[in-house]
Amino acid sequence: MREMRLRNILWVCILSVAGLTLPICLAQATGGGAGSVMVNLDQWKGLITTGDASVLKTLYSTSPAVKITTPAGEINAEADALFWAGLKVQKLKVDVTKTDVTRPDVQSVVFQAEIQSGASSPARTLYVTEAQIWQLQGQQWRIVVVQRTAPARLLQPTSVDKDIYHPGADAHAEIKHALLEASKTHKRVIVVFGANWCFDCHVLDAAFHRPDLAVVLAQSYEVVHVDIGKYDKNQDIADQYEVPLKRGVPGVAVLDSNGKLIFSQKNGEFENARTLGPEDLLEFLKKWKPASS
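Along each chain, residues carry numbers from 1 onward, in the same order as the chain's sequence is written. For a predicted model such as this one, the threshold for reporting local features is a pLDDT of at least 70, and the threshold for listing and counting side-chain atom pairs is 80 or more; totals across whole chains, interfaces and linings nevertheless cover every residue. For the side-chain quantities, the full set of heavy atoms in the structure was used; hydrogens and water were omitted.

Visitor: How would you sum up the pattern of salt bridges? Please name residues and give values.
Guide: Whenever Lys or Arg places a side-chain nitrogen within 4 Å of a carboxyl oxygen from Asp or Glu, that contact is recorded as a salt bridge. Enumeration according to the criterion identifies 14 salt bridges in this entry. One salt bridge connects Asp 227 with Lys 233, and the closest N-O pair in it is separated by 2.9 Å. With a 1.4 Å probe rolled over the protein chains alone, any residue whose accessible area is under 20% of its type maximum counts as buried; one over 50% counts as exposed, and the rest are partly exposed. The class of Asp 227 is buried, set by a relative accessible area of 8%. Its relative accessible area of 26% is what places Lys 233 among the partly exposed residues.

Visitor: A description of the packing of aromatic side chains should follow, citing residues and the corresponding values.
Guide: When two rings of Phe, Tyr or Trp (its six-membered ring) have centres within 6.5 Å they constitute a pair, described as stacked for plane angles under 30 degrees, edge-to-face for angles over 60, and tilted for the intermediate range. The final tally for this structure, using the stated rule, is seven aromatic pairs. Aromatic pair Phe 263 and Phe 284: ring centres 5.1 Å apart, planes at 75°, arrangement edge-to-face. With Phe 263 in strand E12 (residues 261–264) and Phe 284 in helix H8 (residues 278–288), this residue pair connects regions lying 21 residues apart in the sequence. According to the relative accessible area criterion, Phe 284 is buried, its value standing at 13%. Numbering goes from the N terminus for both helices and strands, where a helix is a DSSP run of H or I of at least four residues and a strand is a run of E of at least two.

Visitor: Mind laying out helix H1 (residues 37–50), listing which residues take part and the relevant values?
Guide: An ideal rise of 1.5 Å per residue puts 20 Å on 14 residues; H1 measures up with 21 Å between its terminal C-alpha atoms. The inward-facing, buried residues of H1 abut helix H2 (53–56), helix H3 (77–86), strand E5 (89–103), strand E6 (106–117), strand E7 (124–137) and strand E8 (140–148). Positive phi shows up at Gly 51, right after H1, with a value of about 75°. An expected span of 1.5 Å times one less than the residue number is assigned to each helix. Contacts are assigned to residue pairs that have any heavy atoms within 4.5 Å of one another.

Visitor: Give me the environment of Lys 187: which residues, what numbers.
Guide: Residue position: Lys 187 is located in the loop between helix H4 (171–185) and strand E9 (188–194). Taking C-alpha positions, Lys 187 is 7.4 Å from Lys 289, a pair spaced 102 residues apart along the chain. Non-local contacts of Lys 187, meaning those with residues more than four positions away in its chain, are made with Ala 182, Ala 218, Gln 219, Ser 220, Tyr 221, Glu 222, Ser 257 and Pro 290. In protein, a polar contact means a hydrogen-donor-capable atom and an acceptor-capable atom, both N or O and within 3.5 Å, with residues adjacent in sequence counting only if both atoms are side-chain atoms; elsewhere, any N or O pair within 3.5 Å suffices. Within polar-contact distance, the side chain of Lys 187 engages the backbone oxygen of Ala 218 at 2.7 Å.

Visitor: Tell me about H8, and name the residues and values.
Guide: Within H8, burial applies to Pro 278, Leu 281, Phe 284, Leu 285 and Trp 288. Looking down the long axis of H8, one finds its buried residues gathered within 130° of arc, a one-sided arrangement. Turned more than 90 degrees from where H8 packs its buried face, Glu 283 and Lys 287 sit exposed. Close packing links the buried residues of H8 with E9, helix H5 (199–208), helix H6 (211–220), strand E10 (221–227), strand E11 (251–255) and E12. The arc in question is traced by the directions running from the helix axis to the C-beta atoms.

Visitor: If you had to explain the sheet that holds E10 to someone new, which residues and values would you point to?
Guide: Spatial strand order, E10-E9-E11-E12: four strands in an open sheet with mixed pairing. The open sheet has two edge strands, E10 and E12, and neither has a second partner. Averaged over neighbouring strand pairs, the angle between their axes works out to 20° when direction is ignored. Pairing between two strands is assigned when DSSP locates at least 2 bridges connecting them. In this sheet, E10 lies alongside E9 in parallel orientation, the contact comprising seven bridges. Bridge pairing in E10 places Val 192 opposite His 225. Packing of H4 onto the sheet brings it into contact with E9, E10 and E11, and relative to E10 it is tilted by some 175°. Every axis in this analysis is a line fitted to C-alpha atoms, fitted for helices over the stretch in contact. Angles between the N-to-C directions lie between 0 and 180 degrees. Across the face of the sheet, H6 comes into contact with E9 and E10 while running at roughly 100° to E10.

See the structure below:
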């Protein structure tokens, strides 16, 4: 994944957003005056929480028409405003990961929004990662480019820099050690196959650190991360635990404290971890934990 940035050229910039890399175009801007990226973002946040799609729509550029890209394809300003209004935002927390002032009249911001959505009952926490490019048009800043993800129920890491899978680790030895510890504490062992380049592996790891899931893991499991490299490492372990890596990663196996396989992922259950919800993972952990837990 490339670092998210706005290139100071006339037509093209590339943004990587939550595992998606999409080309977007920005026509050359004219006009003057520097502005505050955060002031613009605060204005957007205020309108998101009001839920008024018609007012939110006024932030989008009409000439040139705003370019909005979503996983489902390109949409217009009205559809995007209705998307946000439809979430019925009760609480909004924005984590800014990148800002850039390319020229006095062009600004960009990349952020992840944590939303308490009242669109369902009970309310749900959702995550949306979005990149915006703003252009000063006369005296008004307007959004000219948007890229966003679909709402996700799990936190979507904004980079894959975290070192989860250590290339030099001896996976056989780590599993042996985890089984030894599990036998002492009457736990089970979760073996997670993946790699640091894998976005969904980072999603699953972040989910395992949620307080509601972390407490179950700590009480009932030892966790071992097995690096698969570029699908050229530790294939023997994946075969031993019947996890078909060709279906994708992350791949998961669960062992009892004696090393007996009690679950193996055969149908890509965790491969698209970004689409899962915390309740899905909690159900899985409770299903396979030792009866004594």
